Amino acid sequence: MLLQWNKYAQRLGEKGFKIMESLLLINDPKLDGTRITLELPNEGSKLDFESQLNGLLGHLKGHLHNHDITIEVIVNETIETKRSFNDQDRYNRLLEINPNIELLRSTFGLDLNS
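Analysis parameters
Residues numbered from 1 in each chain as written. Predicted model: local features only at pLDDT ≥ 70, side-chain atom pairs only at ≥ 80, totals over all residues. Heavy atoms only, no water. Helix = DSSP H or I, 4+ residues; strand = E, 2+ residues; numbered from the N terminus. Rg over C-alpha atoms; globule rule 2.2 N^0.38 Å. Buried < 20%, exposed > 50% of the residue type's maximum accessible area, 1.4 Å probe, protein only. Contact = heavy atoms within 4.5 Å. Areas by Shrake-Rupley, 256 points an atom, 1.4 Å probe, with all protein chains shown as cover. Lys, Arg positive; Asp, Glu negative; His and termini not counted. Charge placed at Lys NZ, Arg CZ, Asp CG, Glu CD. Phe/Tyr/Trp six-rings, centres within 6.5 Å; stacked < 30°, edge-to-face > 60°. Core = buried A, V, L, I, M, F, W, Y, C linked by side-chain atoms within 4.5 Å. Patch = residues over 30% accessible without salt bridge, like charges linked within 9 Å, V, L, I, M, F, W, Y side chains within 5 Å. Salt bridge = Lys/Arg side-chain N within 4 Å of Asp/Glu carboxyl O. Pairing = 2+ DSSP bridges. Axes fitted to C-alpha atoms, helices over the stretch in contact; angles between N-to-C directions. Arc of directions from axis to C-beta.

Caption draft 1: Representation of the overall build of the protein within the structure. Within the protein one finds seven helices and three strands. Written out in order from the N terminus, the α and β elements of the protein read α-α-β-β-α-α-β-α-α-α. A compact globule built from 114 residues would reach a C-alpha radius of gyration of about 13 Å, whereas the protein, at 20 Å, exceeds it by more than 25%. Principal-axis analysis of the C-alpha atoms places the extent of the protein at approximately 60 × 25 × 25 Å. By residue count, 25% of the 114 residues in the protein fall in the buried class. Long-range contacts, defined here as pairs at least 24 residues apart, represent 60% of the contacts in the protein between residues at least 6 apart. Element-wise, carbon and sulfur atoms account for 52% of the exposed surface of the protein, whose accessible area totals about 7,900 Å². Taking the 13 positively charged and 17 negatively charged side chains of the protein as two groups, their mean positions are separated by 6 Å.

In structure tokens, the structure reads:
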């Protein structure tokens, strides 16, 4: 199922439907019997996804030879809040990854408040 899901997303991307492609690839869908569950970060994403749902369902039903497949969309707003960092949080994370960032900041007199 995941292989066909990703193939459909790739095909959409090649046709220029980048928003739908990114919604399909935002995280892996969960399969429970014939029900596929996808978690999206907000209500707007859900509306965009559901507007293109029939094409995806047709693709999956045809390629998986199973006409009982359903897709359920769950909105998880907490995904979005995990990404809201201030400048200091971003700097601290970069500093963890590469301590030389502090040398760069002090050498060029960079300040987070600018």
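Moving on from the coordinates now.
Caption draft 2: The arrangement of the packing of aromatic side chains in detail. A full pass over the atoms with the stated rule returns one aromatic pair. Between Trp5 and Phe49, the aromatic rings sit 6.4 Å apart at their centres with planes inclined by 25°, giving stacked as the arrangement. Here Trp5 is found in helix α1 (residues 2–14), whereas its partner Phe49 is found in helix α3 (residues 43–51), with 44 residues between them in sequence. Phe49 gets classed as buried once you look at its relative accessible area, which sits at 0%.

Caption draft 3: Structural context of the nonpolar core. Of all hydrophobic cores here, the largest spans 18 residues; its most connected members are Trp5, Leu24, Phe49, Leu56, Leu60 and Ile71. Of all the secondary structure elements, the ones that give two or more residues to this core are α1, α2 (18–25), β2 (35–40), α4 (53–64) and β3 (70–75). Contacts of Leu60, omitting those with residues within four sequence positions, involve Met1, Gln4, Trp5, Ile36, His65, Ile69 and Ile71.

Caption draft 4: Spotlight on a nonpolar patch on the surface. On the surface, Leu104, Phe108 and Leu110 cluster together to form a nonpolar patch covering roughly 310 Å² of accessible area. Relative to the elements of secondary structure, Leu110 occurs in the segment after α7 (100–107). For Leu110, a relative accessible area of 43% corresponds to the partly exposed category.

Caption draft 5: Focus on the sheet that holds β2. An order of β1-β2-β3 is seen for the three strands of this open sheet, with the pairing classed as mixed. One side of each edge strand has no neighbouring strand; the edge strands of this open sheet are β1 (30–32) and β3. Between one strand and the next, the sheet's axes are offset by a mean angle of 25°, whatever the strand orientation. With six bridges joining them, β2 and β3 adopt parallel strand pairing. The residue bridging Leu40 from the neighbouring strand is Val75, located in β3.

Caption draft 6: Structural view of α2. Within the span of α2, buried status applies to Met20, Glu21, Leu23 and Leu24. Along the axis of α2, the buried positions cluster into a sector of 160°, meaning they face one direction only. Exposed and oriented more than 90 degrees from the buried face of α2 are Lys18 and Ile19.

Keep in mind these numbers describe shape, not what the thing actually does.
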